[in-house]
Amino acid sequence: MFEILKTRAPIRFMHYSKAATVASLVLIALCFFSLFTKGLNWGLDFTGGTVVEVAFEQAVELDAVRDNLEQLGLSSATVQNFGTSRDILIRLAPQAGVDVQQQGDAVLAAMAQTQTPVEMKRLEFVGPAIGKELAEQGGLAILVALLSILVYVGMRFEWRLASGAVMSLAHDVIITLGVFSWLQIEVDLTIVAALLTVVGYSLNDTIVVFDRVRENFRRVRNTSTAEVFNEAITETLSRTLITSATTLVVVIALFMKGGALIHGFATALLLGIGFGTYSSIYIASAWAMMLGVQREHMLPPQVEKEGADQEPLA
C-alpha cells in the first residue's frame, strides 16, 4: 500500500488532545454566539418568494441575465438554467408592497433587454410556510442521521466510541453552520445536502480509525489507551491524507469553477472535509478516552461451552 507519511514511532496525537478540545470548545462557543445573534441567511428555499420561468429562442448567458436584474435592484435573485440553455429559472425574494405580477413584469422587462423575443412560461409564489416546513425537515434529517449513526457505531463497536463518533459529527455540522452564519452565506437545500454529505464523509474517517483501535486493543497488551489511539491514528494517517486530498481537489474545482449556484455547497464541503479530518483524529478519539474506554471493552464476550463447568467422569 502506498504511504505518503512513514514514521518509525507513533505520532503523539493524544498528547495534544486537551489543547485541541479546548480550542474546539472555544470555536463551538463562537459559532453558537453567531447563530444566536446573527442567525442564518436563509435562502428562497426556506423563506419563500417568487419563481419566474422564461424561455428564449436562443441560448443566453446567465451573467448577462444577472446584470440586467441587478440594474432593476434585484441583485439577490437566483438565476439558473432550467432544462436547456434557452430556459431560465429565476427566484426572487418577497418584497414589501410588491405583488407577484409586478415582480413578474419587472423580470420580463429585464429579460427583454437581454434578448428578444422572450416568453414567460411560469409565474408562481412559494409561501414561507413551505419554507419553514423544509427547514424543519432538513434539521430533522440531520438529527435522524446522527441518531442512526449512534446506534450503528454502538452496535458495531462500543457505546463510548459511538458517543465520540456522534460528538465529532455534531462538531463538524455546528462549525460549518457557524461559519455560514458569521459570513452570512445563503443557506438553501443544497447546503442541507452538503451537511449530510459531510456527516457521511466524517463518519467514514472515524470508522477507519476505530477499526484500527479495536484491532490494536486486542493485539497489544500492557499499553496505555492513549498509546493505542496514537498508534491507530498514525497507521491510518496516510489513508486519511490521501482520501482528503483527492476529495479536496474535486471540491476546490467546484468552488472555483462551479458557479454561483453551487458555491455554498462547495463551501460547506470544504469546511466539512477540513474539520471532519481534524475531528476524526481529536474529537472522536479524545471523547472516547474521556469516557474511559479500555482494552476490556473491546474484547469479544466469552461464551461458555455447555458442560464446561461439569466435573470430568472418573
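The structure displayed is predicted, hence computed values, not measured ones.

Another point: the side chain of Asp87. Structurally, Asp87 is set in strand S4 (residues 84-92). Lacking a salt bridge, the buried Asp87 has Lys121 as its closest oppositely charged neighbour, with an N-O distance of 4.1 Å. Dropping the residues within four chain positions of it, Asp87 is found in contact with Val54, Ala55, Gln80, Asn81, Phe82 and Lys121.

It is worth spelling out the pattern of salt bridges at this point. Under the criterion given, the structure shown has five salt bridges. The shortest N-O distance in the salt bridge between Arg239 and Asp205 comes to 2.6 Å. In this pair, Arg239 is assigned in helix H8 (residues 225-257) and Asp205 in helix H7 (residues 189-219), connecting sequence segments 34 residues apart. Among the ionic pairs, Arg212 bridges to Glu235, the shortest N-O distance being 3.0 Å. Placement of Arg212 in helix H7 and of Glu235 in helix H8 is noted, with a sequence separation of 23 residues between them. According to the relative accessible area criterion, Arg212 is partly exposed, its value standing at 27%. By relative accessible area, Glu235 is classed as partly exposed at 32%.

By secondary structure assignment, the location of Ser34 is in helix H1 (residues 17-37). Residue class for Ser34 comes out buried when judged on its relative accessible area of 1%. Beyond its immediate chain neighbours, meaning those up to four positions away, Ser34 contacts Gly39, Gly178, Ser181 and Trp182.

It is worth spelling out the packing of aromatic side chains at this point. Applying the stated rule across the entire model yields three aromatic pairs. Where Phe13 meets Tyr282, the ring centres are 6.3 Å apart and the plane angle is 70°; that geometry is what we call edge-to-face. Taken as a pair, Phe13 in the segment before H1 and Tyr282 in the loop between helix H9 (263-281) and helix H10 (283-290) lie far apart in primary sequence, 269 residues in all. Just as Phe13 is buried, Tyr282 falls in that class too. The residue whose ring lies beneath Lys38 is Trp182, and the NZ or CZ to ring-centre distance is 4.9 Å.

This part covers the nonpolar core. If you look at the biggest cluster of nonpolar residues, it comprises 48 residues, and the most contacted ones within it are Phe13, Ile149, Val153, Phe180, Phe210, Val213 and Phe229. Contributions of two or more residues to this core are made by helix H5 (128-156), helix H6 (159-183), H7, H8, H9 and H10. Among the elements that make up this core, the one with the highest residue count is H7 (13 residues). Ranked by size, the runner-up nonpolar core spans 16 residues in total, among them Val54, Leu74, Ile90 and Val107.

Okay, the confidence of the model for the protein next. Summarising the model, the protein shows a mean pLDDT of 79, and 86% of its residues fall at 70 or more. Per-element confidence in the protein ranges from a low mean pLDDT of 64 for helix H11 (residues 295-298) to a high of 91 for H1.

Conventions and cut-offs
- Every residue gets a number counted from 1 within its own chain, in the order that chain's sequence is written.
- Per-residue local features of the predicted model are confined to residues with pLDDT of at least 70, and side-chain atom pairs are confined, for both listing and counting, to 80 or more; whole-chain, interface and lining totals are unaffected and use all residues.
- Computation of side-chain values: all heavy atoms of the structure, hydrogens and water removed.
- The secondary structure listing takes helices from DSSP runs of H or I that are at least 4 residues long and strands from runs of E that are at least 2 residues long, numbered from the N terminus.
- The buried label goes to any residue with under 20% of its type's maximum accessible area, the exposed label to any with over 50%, and the partly exposed label to all in between, with areas taken from a 1.4 Å probe on protein chains only.
- Neither His nor the chain termini are counted; the positive set is Lys and Arg, and the negative set is Asp and Glu.
- Salt bridges are defined by distance alone: a side-chain nitrogen of Lys or Arg within 4 Å of a carboxyl oxygen of Asp or Glu.
- For this analysis, residues touch if any pair of their heavy atoms sits within 4.5 Å.
- Here is the rule: rings of Phe, Tyr and Trp (six-membered ring for Trp) pair when centre to centre is within 6.5 Å. Planes less than 30 degrees apart are stacked, more than 60 are edge-to-face, and the remainder are tilted.
- Criterion for a charge above a ring: Lys NZ or Arg CZ within 6 Å of the ring centre, and within 35 degrees of the ring normal.
- Here, the term nonpolar core denotes a set of buried Ala, Val, Leu, Ile, Met, Phe, Trp, Tyr and Cys residues that are joined through side-chain atoms within 4.5 Å.
- The predictor reports its confidence for every residue as pLDDT, a score running from 0 up to 100.

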